[in-house]
Amino acid sequence: MKKFRPQPGFVVQAFRFALDPNVTQGAALRSHCGAARAAYNWAVGWVSASWWQRRAEESYGVSEAGLTPWRPWSLPALRKAFNEAKHTDPRFATWWEENSKEAYNTGLANAAAAFDNYAKSKNGKRGGKRMGTPRFKSKRKARLACRFTTGTIRVDPDGRHVTLPRLGTLRTHEPTAELLARVRAATARILSATVRHERGRWFVSFQAEVKRDLERVARPDVAVGIDLGVKTLAVMADSTGEIRQVPNLGHYDTARRQLRRASRTVSRRQGPDRRTGRKPSRRWEKADAQRNKVHHRVANLRADALHKLTTSVAAEYGTVVVEDLNVAGMLKNRRLARRIADAGFGEIRRQLKYKTRRRHATRLVVADRWYPSSKTCSGCGAVKAKLPLHMRTYECDACGLVIDRDDNAALNLAALAAACMTGTGVAGDQDAAPAVPKPRGADQKTRATRTRRRTSAGRAGGATLPQQRQTEARDRTQAEALTLR
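Everything in this summary refers to the structure shown in the same document. (Residues numbered from 1 in each chain as written. Predicted model: local features only at pLDDT ≥ 70, side-chain atom pairs only at ≥ 80, totals over all residues. Heavy atoms only, no water.)

1. Quick notes on unusual backbone geometry
Of note in the backbone geometry, Ala-186 takes a positive phi value of approximately 60 degrees without being a glycine. Taking the relative accessible area as the measure of exposure, Ala-186 reaches 61% and is therefore exposed. Although it is not a glycine, Arg-199 adopts a positive phi angle of roughly 55 degrees. Along the chain, Arg-199 turns up in the loop between strand E6 (188-198) and strand E7 (201-211). (Buried < 20%, exposed > 50% of the residue type's maximum accessible area, 1.4 Å probe, protein only. Helix = DSSP H or I, 4+ residues; strand = E, 2+ residues; numbered from the N terminus.)

Pasting the structure below:
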């Protein structure tokens, strides 16, 4: 299928609004999303059935020519097969007419994309984590979503209602003045609409082709380095030497007391039990809704804070330098996982990526994952071999510089923008000079835990004697100061 490409000078942008549907409209929204899930499961089962049939026939010695033919998983093929089966299949025959055809097309399109991703991943044509075969979506866990691409999709002139196929006119919780003004001025064209149930309420997202001119940043010649942390969310140091800190509000930690009380109330109610088929009581549902309300508020506050931070950074600096953090690996640390997840390191980089490129055409530099931003002296360029996390102050043995650890890392990241052109990544030297040699271990992660005992020959179970245990190497003293030549 040919990929859509916007006109020159236009971009594809989403406008999301919260909805306030009544009881009847809410039931219709859930029915459409359930129809999309049912169509997806049908497509997965229909395609997978031919796979299992061929495997069974091969086990009986059937030749290749006599095997059941493969069933295609392209969207046109799935749509044609589904239109023939929906009239006779007892899973759809009695109720498929109640929903828009776009609901079923949503599930079939998702199934086709899932099979394409699996095939490309298996053939080595898709990067990232290896994809498995598509699986059925559970009614309890599947996200409620439905996409409309044809039919009546518009923003009403009053600015407080939207119209969608088969669902009719829905009231929005917030005004749609921004999108309505662009549509009236012919600078935006609505392509599709997606309804989704998220964080306890319904949302509609309009995908529109919008005419957008690049906005000039306030300081185009200034580069900023952003060092993310837990105690301080972001330390920003620009190429002029100015350092600013963005505090970490810790929305989840602030709400933990409320969550404890709400969870305690939920645990005292009669909840659902899958083993016995027991349904939850009304009191449990009310208590669970109150607990979810706290979670949703925390998520909304975090998203609002991150958007404000990334928008201000992208609109001010001409070059932004961030680190390539291994967030998935950092979340395995049981002492810091909760705070790292609450800070949203990965979301900050994701937002900066599209806000700098598409809105302001500024440069985003991603430092190498093993770039020693914290271990390098921002004054002279000397690099420490080890710098444990508990040492919050950087003390240089070469030039005697004493500076906060995060401030030092941010200065080095800001200097990395100039290093892309001059060849040096030291904050105190912006000229073209050879880089300072790094001691052994400077470009590797500082180990915070003890090394595991290695298996050695001669003792059962791989145990080692106390005098044979390996100890971590300490920071080596420097015989002479490391300076730039």
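2. Overview of helix H2 (residues 75-85)
Along H2, the residues that are buried comprise Leu-75, Leu-78, Ala-81, Phe-82 and Ala-85. Down the axis of H2, the smallest arc covering the buried residues is 135 degrees, so these residues share one side. Opposite its buried face, H2 presents the exposed residues Pro-76, Lys-80 and Glu-84, each directed more than 90 degrees away. Packed against the buried residues of H2 are helix H1 (23-59) and helix H3 (101-122). (Arc of directions from axis to C-beta. Contact = heavy atoms within 4.5 Å.)

3. What about the pattern of salt bridges?
When charged atoms on two side chains of opposite charge get close, those side chains can pair. Counted according to the given criterion, the structure contains 23 salt bridges. A salt bridge links Glu-316 to Arg-244, with the shortest nitrogen-to-oxygen separation between them at 3.1 Å. Highlighted residues: Glu-316 in the loop between helix H7 (282-314) and strand E11 (317-323) and Arg-244 in strand E10 (residues 243-247), separated in sequence by 72 residues. Salt bridges linked by common partners bring Arg-219, Asp-238, Glu-242, Arg-244 and Glu-316 together as one network. (Salt bridge = Lys/Arg side-chain N within 4 Å of Asp/Glu carboxyl O.)

4. Things to note about the sheet that holds strand E3 (residues 154-155)
Taken together, the 3 strands give an open sheet; going across it, the order is E3-E4-E5, and neighbouring strands pair in antiparallel fashion. In this open sheet, the two edge strands, each paired with only one partner strand, are E3 and strand E5 (168-171). The pairing of strand E4 (residues 161-164) with E5 spans 4 bridges and is antiparallel. The residue bridging Thr-163 from the neighbouring strand is Thr-169, located in E5. (Pairing = 2+ DSSP bridges.)

5. Description of the packing of aromatic side chains
Enumeration over the complete set of coordinates arrives at 12 aromatic pairs. Seen in terms of ring centroids, Trp-51 and Trp-73 are 6.1 Å apart; in terms of plane orientation they differ by 75 degrees. Their pairing is edge-to-face. Here Trp-51 is found in helix H1, whereas its partner Trp-73 is found in the loop between H1 and H2, with 22 residues between them in sequence. Of the residues examined, Trp-73 reaches a relative accessible area of 24% and is grouped as partly exposed. With 5.2 Å between their ring centres and 80 degrees between their planes, Phe-82 and Phe-92 make a pair best called edge-to-face. (Phe/Tyr/Trp six-rings, centres within 6.5 Å; stacked < 30°, edge-to-face > 60°.)

6. Comments concerning the nonpolar core
In terms of nonpolar packing, the biggest core is built from 48 residues, with Trp-42, Leu-78, Leu-108, Leu-164, Val-204 and Phe-206 touching the most fellow members. When residues in this core are grouped by element, the largest group, 12 residues, is from H1. Residue contacts for Trp-42: discarding those within four places in its chain leaves Leu-78, Ala-81, Phe-82, Ala-85, Asp-89, Arg-91, Phe-92 and Leu-108. Membership of the second largest hydrophobic core comes to 19 residues, among which are Leu-233, Ala-343, Ile-348 and Leu-352. (Core = buried A, V, L, I, M, F, W, Y, C linked by side-chain atoms within 4.5 Å.)

7. Concerning the sheet that holds strand E1 (residues 10-18)
Judged by pairing direction, the sheet is antiparallel, and its 4 strands sit side by side in the order E1-E7-E6-E2 without closing on themselves. Bordering the open sheet on either side are E1 and strand E2 (145-148), each of which pairs with just one other strand. The sheet shows a mean angle of 20 degrees between the axes of neighbouring strands, direction not considered. In this structure, E6 lies alongside E7, joined through 10 bridges in antiparallel fashion. In the strand pairing of E7, Thr-194 is matched with Ser-205. Those strands touched by H1 are E2, E6 and E7, and its axis lies near 90 degrees from that of E2. (Axes fitted to C-alpha atoms, helices over the stretch in contact; angles between N-to-C directions.)

Limitation: the analysis is restricted to geometry and does not speak to function.
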